[in-house]
6 protein chains.
Amino acid sequence: MKTISLTEMTWPEFARGLPHTLVALCVGSLEQHGPHLPLSVDSLIPYHLCLELGKKIPLFVAPPLYYGYRSSPFTGGGQSFPGTTSLSGQTLILLLQDILQDFLRQGCHRFLIMNGHFENTPFISEAAYLVTAAHKDVKVVVVNWWDLVSATTLEEIFPEGFPGWEVEHASVVETSLVMHFRPDLVHAELIPAQKGEKHKPRPLIFPEPANLVPESGILYTAMGAGPDKGAAIAGEIVARLDRIVADEFSLTLPNTPE
Amino acid sequence: MKTISLTEMTWPEFARGLPHTLVALCVGSLEQHGPHLPLSVDSLIPYHLCLELGKKIPLFVAPPLYYGYRSSPFTGGGQSFPGTTSLSGQTLILLLQDILQDFLRQGCHRFLIMNGHFENTPFISEAAYLVTAAHKDVKVVVVNWWDLVSATTLEEIFPEGFPGWEVEHASVVETSLVMHFRPDLVHAELIPAQKGEKHKPRPLIFPEPANLVPESGILYTAMGAGPDKGAAIAGEIVARLDRIVADEFSLTLPNTPE
Amino acid sequence: MKTISLTEMTWPEFARGLPHTLVALCVGSLEQHGPHLPLSVDSLIPYHLCLELGKKIPLFVAPPLYYGYRSSPFTGGGQSFPGTTSLSGQTLILLLQDILQDFLRQGCHRFLIMNGHFENTPFISEAAYLVTAAHKDVKVVVVNWWDLVSATTLEEIFPEGFPGWEVEHASVVETSLVMHFRPDLVHAELIPAQKGEKHKPRPLIFPEPANLVPESGILYTAMGAGPDKGAAIAGEIVARLDRIVADEFSLTLPNTPE
Amino acid sequence: MKTISLTEMTWPEFARGLPHTLVALCVGSLEQHGPHLPLSVDSLIPYHLCLELGKKIPLFVAPPLYYGYRSSPFTGGGQSFPGTTSLSGQTLILLLQDILQDFLRQGCHRFLIMNGHFENTPFISEAAYLVTAAHKDVKVVVVNWWDLVSATTLEEIFPEGFPGWEVEHASVVETSLVMHFRPDLVHAELIPAQKGEKHKPRPLIFPEPANLVPESGILYTAMGAGPDKGAAIAGEIVARLDRIVADEFSLTLPNTPE
Amino acid sequence: MKTISLTEMTWPEFARGLPHTLVALCVGSLEQHGPHLPLSVDSLIPYHLCLELGKKIPLFVAPPLYYGYRSSPFTGGGQSFPGTTSLSGQTLILLLQDILQDFLRQGCHRFLIMNGHFENTPFISEAAYLVTAAHKDVKVVVVNWWDLVSATTLEEIFPEGFPGWEVEHASVVETSLVMHFRPDLVHAELIPAQKGEKHKPRPLIFPEPANLVPESGILYTAMGAGPDKGAAIAGEIVARLDRIVADEFSLTLPNTPE
Amino acid sequence: MKTISLTEMTWPEFARGLPHTLVALCVGSLEQHGPHLPLSVDSLIPYHLCLELGKKIPLFVAPPLYYGYRSSPFTGGGQSFPGTTSLSGQTLILLLQDILQDFLRQGCHRFLIMNGHFENTPFISEAAYLVTAAHKDVKVVVVNWWDLVSATTLEEIFPEGFPGWEVEHASVVETSLVMHFRPDLVHAELIPAQKGEKHKPRPLIFPEPANLVPESGILYTAMGAGPDKGAAIAGEIVARLDRIVADEFSLTLPNTPE
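Values in this document were obtained by computation on a predicted structure and should not be read as measured data.

Some remarks on the overall build of chain A
Link 1 in the chain: A count of helices and strands for chain A gives seven helices and five strands.
Link 2 in the chain: When the helices and strands of chain A are listed from N to C terminus, the series reads α-β-α-β-α-β-α-β-α-α-β-α.
Link 3 in the chain: With the C-alpha coordinates aligned to their principal axes, the bounding extent of chain A is approximately 50 × 40 × 30 Å.
Link 4 in the chain: Taking all 258 residues of chain A together, the buried fraction comes to 67%.
Link 5 in the chain: When contacts within chain A are restricted to residue pairs at least 6 apart in sequence, long-range pairs at least 24 apart make up 79% of them.

Given below as structure tokens:
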């Protein structure tokens, strides 16, 4: 099978696909995800979702950005956990601008940015704004994968009520997705019997106060996660992505001759 | 009555209050707010809330920032409405860093940033992070005023269910607050009989597509707004602010000798 | 009466005036102005002058910039007075570039920048240069209000000889103008019986030496200031502004149908 | 076996190793490497070398940087080949500064930067200079892997004389190393029967002239490459790396109790 | 005679003088100076003044900055004359910061910045502010040479009244100084019989209007210039510089044992 | 004879030559060059080479940049020698961009950048890339003078084998060239009887280790240098430069009527 990943592709393979292919760029973070998940969850999930999407439509998946914006205690556990290693806002904006513009220079005009880290969104948006304001004929669609999970699915997974995406950090949904995509990287036996609180808005305090998050780094709970849930969620996201891409980029789907 | 606003204060007045006073900085935007509200709603509301708070605790209110980050179509109507005039992310970060650091140079160490524009939050946070990471003994509390409105209040105002703060743009809550604080600036007669949709997550698309928002610029509805609602909401926010300040800055309230 | 201030205007009002209206942007500073004047003198004066000008010609007055470039001891008392809170040169340039460019995006091509702070001029000029070098069909006129006071007027006010604008800080002219525009903000009773020295060129020394300026923060003298003088000066400036605008922007004055 | 790769590691695993472990950061490029090698050769080689090194000494391998500085026609084929997607110099410097500083914040003080892209070196050096100039007690060792290949080895591989590292792009050494580390990614059948010229200094011309490099993108020749050569070269590099790390970081090797 | 110019000095000569020597940095511009003077007048004059000063006190003269901030039509003829080649404000600030900080790293703590270009002053000041705010034990004195010419001298040279330094561009004083320092570079025969207007404040207009300045590029007049006048002016400036240095840097003058 | 140096030229002279003339910009460094050579060797050599070249073709020589990128211990002795005073990478890029763009604004489209400092090359290249990517119809040729010395010449000068340009710092070639161009600046009697090692690749270590370079600052040896060698080398370089310019800029040589 032909690769769709730029890291594995030769330049003539890239050149042949260039005119009719969308470029997907995954933006993650290096961030603690509890005692049971690896630091790269936020790039791993978008990357695998894009590989899945690439089975349905012509898509090139660019090398992922493993480092993202700083982690907030309210949505990612904060910067105080060892391993959480982040970029400043301005560096992330410049990094994305450079990459988009250099793909653009080569003739790529259609971009899907798949974000896996809550705190990245505004900085990705700023880069996308700046690039599309400066250049004609470019379109950038920015997707947070969690925004594509339906209310119905959430109700099934959280019969006691969805606690909010802000606390879905290293919790059931993320754990299930990693169990589905990369079971070898999940230490299921280390999932603590813990249940954090639902999200509620709070002031943001700088410097970051201690003890805002559970010791484990899991914001809500990872109990009950499983690969089946992961597969179902992934399936729903990819199906919705497929439709978004079709709507926004007017691709003829899915039997586009390549 | 003594002023607490830095724009109206002389330097000796400022100097006398400096050692024991918190500095509040309001960050807004110049952004369309429907046919009935002025472009400066997002700085006007935080500024008046701070003036109210200043009646309860020793507080200096710095001149507001009237220009903020770009408007998103999903939360502010977007950049396509005439009048919406915005800063880039990096400029907003630098502007806030400079102001915080120059107050800090004078011996101010306690800051309350009151935000009135949804899209500003991450850029304010980055500035607060950078300043508190570079300097010891500074504390910055960032508050989005809408985060202080209680669920109970929202249930009362929205008996049919709260549509989400994302669409509360130029809608009932904002309109009520301006009716309370600056009734002279509200053209109540121009409020259209319109009801937008509740917020649901969508991909972010660049360049900004046309027709994402109602023609009026109101994202949900301003029908039913009134000064009484505004007064009640303002009262609740200020009471909560008062507690936050007490908690975070350990002020002896409210009879601190000045 | 219709407002011309963007802070008080709705977006449809702005949209209607856009094609044939000049945008005025006032740039001030937060800077000590003696024991008798508020910290915001440098934005207050330009803002009121623009409001006056707006009675004569179609003009939109944008929200003022309250924070400007650092204060020099030779022209503003320096950074050592409490309350003087400033931006770096680069931040001020970026801030102005962003605002001009975002108005330009909306179709505004004619700008009047009214400056109220001596030290701002070169940074405003750099921003104006960069924006007009990058974009066709924009014109930016930068005015320091004091440059529009005639020699005749200065001779009347200073029968003993004009001491130089450099030392006219918190002194007779500024005090008279605030007495005219905002008498409520002047503590006339606190004006000291002081007379500083005339301006003479000196080396600039960094870090700022102590004791370069009178303790009061007034560089020359505020004795003899009065609202009548303020009214006369304001009248002269506005009349000259009117002519400059007519010359530079070829407006048909003053009965332009709106 | 325990992972040493941060992408696969949980935060408690990272935390346990933190005090006595060196962090290796690989910097590559997304750059054409002939018709037979993938675009990610320049990150792939350093990353695998670091994984090998990690078998000998306590080492954490950070997620690699897949995007590097622009490609020069003289050393990488230039920016005109599709797929070559690069960062500006300033963005690369900022990216590296941010990552080093955020690891430093967590208590990492010893860094090995493994570079796989000729053109990256000065920008990596600048970042390393800036970080070590601003912070005490940090040491950064920057290694270009090709600098560790001995003259003896080169004489064996190039009996007709070593053509210079500048033209060793997608050529024998790189191809052999990828054949050793990731044989699945080499299209050996597509290696053209081509021999480019040895390196000779030339002026640098901007914009990049056409036809400076062979059509294939291989600067010299990939003929004669093989996994055995790759294994031998890799072995030599890792042995030398081991010694460099021991010398520079005074690690007790290799039986450090972990 | 020993050189005091860093461009001509070896490192051991520099090292020996380092502990007790002031570093002078000259900042000029590449700017039209009429048909009779070279483009480098603004660096040439400060450089020769510093060489003169160095005959009286221990002084190291750093290589001059030949490129400065943009030329204003009101003080330098503007950017429209061929040959006027300028830096942006931010680049000039960064350039000066880098140079001052790198001298500081070597143990130089006392700097004299001699400016020869009217428009440079605020950007030099910003750099000096930033460096002295970030580092203890540094002192920077910024001198515009024209500020050291006495009123008495000006009265002698301009019996009809001094027209203002703003228009003293390529005019009597500058021409006389170059006649004194570098007579070989003056084309006296090309001095036109022209007399411009005295300086009067005007709005700054962007983009730069045509025909604001005399065709020659001389703003006032160069008629009457002569080497004797140049010698006298130079003598006065150097004597005053000598005193400023003595006052500000507490040097024992002039027989400091070296 | 007419000057070709912009520092000595009037604006009308520049204007007359503008349409058919190439602009040469020399980039050097302020860097130790042993006990016998001045700190400005790296700008002095390129500048004199350009003056020689200007005898053969129409050429304007812009004022040189005396300050360049940081010195590496492996190629310039490093930052630890007193007198070595350097710019950051980003400042050098911006400085070059500004100068090229401002010449471009005046109608200069053909640039020769003559570099005299090993470590400058990548930053010059980045500036040249950025300017030529942003503007049509510009051509920039970047030459390191040492790249134009032929292998034959090197064999003659180094009968025992050429040690590599990396160590040719303050050594035979540079010393000979300065002896040729500016014998007055060479302290031949201070050349130590020293022979350093040939260049071999090493890791780059930050912060810079002590004792990497000989105490003198000469990396190889200056013994055997002489003005005749300098004249021969200079002659060869200029002849090759002449040909490069002819090839790249299609100048009709050398009798172009001016």
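Examining the relation of the copies chain E and chain F
Both copies of the chain are placed relative to one another by a rotation about an axis and a shift along it.
Link 1 in the chain: For the pair chain E and chain F, the relating rotation is 180°, the translation along its axis is 0.0 Å, and the fit reaches an RMSD of 0.0 Å. Put plainly, the chains are arranged around a two-fold axis. Nearest to the rotation axis, the C-alpha of E:Thr91 is located 3.4 Å from it, this being the minimum over chain E.
Link 2 in the chain: Interface overlap between copies is the fraction of interface residues in one copy that are interface residues in the other; for chain E against chain F it reaches 98%, indicating a shared surface.

Quick look at helix H4 (residues 121-134) of chain D
Residues and elements named next belong to chain D.
Link 1 in the chain: Given a rise of 1.5 Å per residue, 14 residues ought to cover 20 Å, and the 20 Å separating the end C-alpha atoms of H4 matches this to within 8%.
Link 2 in the chain: Summarising burial for H4: eleven of the 14 residues are buried, a large majority.
Link 3 in the chain: Listed in full, the buried residues belonging to H4 are Thr-121, Pro-122, Phe-123, Ile-124, Ser-125, Glu-126, Ala-127, Ala-128, Tyr-129, Val-131 and Thr-132.

As for the interface of chain E and chain F
Link 1 in the chain: Counting residues at the interface gives 51 residues for chain E, matched by 50 residues for chain F.
Link 2 in the chain: Taken together, the two surfaces of chain E and chain F that pack against each other cover about 3800 Å², and 62% of this comes from carbon and sulfur.
Link 3 in the chain: Among the residues of chain E in contact with chain F, E:Trp11, E:Tyr67 and E:Pro82 are the three that bury the most area, contributing 18% of the side total.
Link 4 in the chain: For the interface between chain E and chain F, the tally reads two salt bridges.
Link 5 in the chain: Here E:Glu8 ties to F:Arg182 by a salt bridge, and the two come within 3.9 Å at their closest N and O atoms.
Link 6 in the chain: Joining chain E to chain F, the criterion identifies 28 residue pairs in polar contact (both at pLDDT 80 or more).

Examining the packing of aromatic side chains
Link 1 in the chain: Tallying each qualifying case throughout the model produces 72 aromatic pairs over all chains.
Link 2 in the chain: Each ring, one from A:Tyr66 and one from D:Tyr66, has its centre 6.2 Å from the other, and the planes form 35°; the classification is tilted. Within this pair, whereas A:Tyr66 is found in the loop between strand E2 (59-61) and helix H3 (89-105), its partner D:Tyr66 is found in the loop between strand E2 (59-61) and helix H3 (89-105), the two belonging to separate chains.
Link 3 in the chain: Classification of A:Tyr66 as buried rests on a relative accessible area of 17%.
Link 4 in the chain: On the numbers, 6.4 Å between centres and 40° between planes, the contact of D:Phe14 with D:Phe103 is tilted. In this pair, D:Phe14 is assigned in helix H1 (residues 11-17) and D:Phe103 in helix H3, connecting sequence segments 89 residues apart.
Link 5 in the chain: A relative accessible area of 0% means that D:Phe14 is categorised as buried.
Link 6 in the chain: Within the aromatic cluster, the residues linked to one another by ring pairs are A:Phe118, A:Trp145, A:Trp146, A:Phe158, A:Phe162, A:Trp165 and A:Tyr220.

Overview of the pattern of salt bridges
Link 1 in the chain: Counted according to the given criterion, the structure contains 48 salt bridges over all chains.
Link 2 in the chain: For B:Lys195, the salt bridge identified is with B:Glu160, shortest N-O distance 3.5 Å. Taken as a pair, B:Lys195 in the loop between helix H6 (172-181) and strand E5 (204-206) and B:Glu160 in the loop between helix H5 (151-157) and H6 lie far apart in primary sequence, 35 residues in all.
Link 3 in the chain: By sharing partners, the salt bridges in this structure join A:Glu8, D:Arg182 and D:Asp184 into a single network.

Comments concerning the nonpolar core
Link 1 in the chain: Ranked by internal contacts, the top residues of the largest apolar core, which has 563 residues, are A:Trp145, B:Trp145, C:Trp145, D:Trp145, E:Trp145 and F:Trp145.
Link 2 in the chain: In this structure, F:Trp145 is in contact with F:Ile45, F:Pro46, F:Leu49, F:Met114, F:Asn115, F:Gly116, F:Trp165, F:Val173, F:Glu174, F:Leu177 and F:Ile237, ignoring residues within four places of it in sequence.

Concerning the pairing of strand E3 (residues 110-115) of chain A
Residue and element names in this part refer to chain A.
Link 1 in the chain: Here E3 lies mainly inside the structure; five of its six residues are buried.
Link 2 in the chain: Where strand E1 (residues 22-27) and E3 come together, five bridges link them in parallel fashion. Residue pairing across strands places Ala-24 opposite Leu-112, the latter belonging to E3.
Link 3 in the chain: Bridge count between E3 and strand E4 (residues 139-144): six bridges; the pairing is parallel. Directly across from Met-114, in E4, lies its bridge partner Val-143.
Link 4 in the chain: Chirality of the crossover, the property in question, places the unit of E3, helix H4 (residues 121-134) and E4 among those that are right-handed.

Section: the sheet that holds strand E1 (residues 22-27) of chain F
Link 1 in the chain: Strand order in the open sheet made by the five strands is E5(D)-E4(F)-E3(F)-E1(F)-E2(F), with mixed pairing throughout. Both outer strands of the open sheet, strand E5 (204-206) of chain D together with strand E2 (59-61) of chain F, are each paired with one neighbouring strand and no more. Ignoring strand direction, the axes of neighbouring strands in this sheet form an average angle of 20°.
Link 2 in the chain: One ladder, built from three bridges, connects E5(D) with strand E4 (residues 139-144) of chain F; its direction is antiparallel. Looking at the pairing, D:Leu204 lines up with F:Val142 of E4(F).
Link 3 in the chain: In this fold helix H4 (residues 121-134) of chain F packs onto E5 of chain D together with E1, strand E3 (110-115) and E4 of chain F, with an angle of close to 20° to the strand it touches most, E5(D).
Link 4 in the chain: In the packing of helix H7 (residues 227-249) of chain F onto the sheet, contacts are made with E5 of chain D together with E1, E3 and E4 of chain F, and the angle to E4(F) comes to roughly 160°.

Describing helix H3 (residues 89-105) of chain F
Residue and element names in this part refer to chain F.
Link 1 in the chain: With 17 residues, H3 should cover 24 Å at 1.5 Å per step; its first-to-last C-alpha distance of 24 Å lies within 8% of that length.
Link 2 in the chain: Burial runs high along H3: 14 of the 17 residues are buried.
Link 3 in the chain: Residue Gly-107 follows H3 closely and has a positive phi angle near 105°.

Here we look at the confidence of the model for chain A
Residue and element names in this part refer to chain A.
Link 1 in the chain: Of all residues in chain A, 97% have pLDDT values of 70 or greater, and the mean over the chain is 94.
Link 2 in the chain: Taken as a whole, residues 253-258 scores under 50 in pLDDT and shows eight contacts with residues more than four places along the chain or in a different chain.
Link 3 in the chain: As a predicted assembly, this complex carries a pTM of 0.97 together with an ipTM value of 0.96.

Description of the sheet that holds E3(A)
Link 1 in the chain: Spatially, the five strands line up as an open sheet ordered E2(A)-E1(A)-E3(A)-E4(A)-E5(B), and their pairing is mixed. With one partner strand each, in any of the chains shown, E2 of chain A together with E5 of chain B form the two edges of the open sheet. Averaged over all adjacent pairs, the angle separating strand axes in this sheet is 20°, with direction ignored.
Link 2 in the chain: Its contacts with the sheet place H3(A) against E1 and E3 of chain A, and it is angled at close to 165° to E1(A).
Link 3 in the chain: Here helix H7 (residues 227-249) of chain A sits on the sheet and contacts E1, E3 and E4 of chain A together with E5 of chain B; the angle it forms with E4(A), its principal contact strand, is near 160°.

What about the environment of A:Ala62?
Link 1 in the chain: Mapping A:Ala62 onto the fold places it in the loop between E2 and H3.
Link 2 in the chain: When the C-alpha positions of A:Ala62 and A:Glu8 are compared, they lie 9.9 Å apart, and in sequence the two are 54 residues distant.

Quick word on the side chain of F:Thr21
Residue and element names in this part refer to chain F.
Link 1 in the chain: Within the secondary structure, Thr-21 is located in the loop between helix H1 (11-17) and E1.
Link 2 in the chain: The buried category is assigned to Thr-21, whose relative accessible area is 5%.
Link 3 in the chain: Only 2.6 Å separates the side chain of Thr-21 from the backbone oxygen of Gly-17, close enough to count as a polar contact.
Link 4 in the chain: Setting aside residues up to four positions removed in sequence, Thr-21 forms contacts with Pro-58, Leu-59, Phe-60 and Arg-110.

Considering the side chain of E:Glu168
All names here are of chain E.
Link 1 in the chain: Secondary-structure assignment places Glu-168 in the loop between helix H5 (151-157) and helix H6 (172-181).
Link 2 in the chain: Buried within the structure, Glu-168 lacks any salt-bridge partner; its nearest side chain of opposite charge belongs to Lys-229, at an N-O separation of 9.5 Å.
Link 3 in the chain: Ignoring sequence-local partners within four residues, the contact set of Glu-168 consists of Phe-158, Phe-162, Val-173 and Glu-174.

Cut-off values and rules
Residues numbered from 1 in each chain as written. Chains lettered and ligands numbered in written order. Predicted model: local features only at pLDDT ≥ 70, side-chain atom pairs only at ≥ 80, totals over all residues. Heavy atoms only, no water. Helix = DSSP H or I, 4+ residues; strand = E, 2+ residues; numbered from the N terminus. Buried < 20%, exposed > 50% of the residue type's maximum accessible area, 1.4 Å probe, protein only. Contact = heavy atoms within 4.5 Å. Least-squares fit on C-alpha atoms with pLDDT ≥ 70 in both. Expected span 1.5 Å × (residues − 1). Buried area = accessible area lost by both parts, 1.4 Å probe. Salt bridge = Lys/Arg side-chain N within 4 Å of Asp/Glu carboxyl O. Polar contact = N/O pair within 3.5 Å; in protein donor to acceptor, adjacent residues only side chain to side chain. Phe/Tyr/Trp six-rings, centres within 6.5 Å; stacked < 30°, edge-to-face > 60°. Core = buried A, V, L, I, M, F, W, Y, C linked by side-chain atoms within 4.5 Å. Pairing = 2+ DSSP bridges. Right-handed = clockwise from strand over helix to strand, strands pointing away. Axes fitted to C-alpha atoms, helices over the stretch in contact; angles between N-to-C directions. pLDDT = per-residue confidence, 0-100. Lys, Arg positive; Asp, Glu negative; His and termini not counted.

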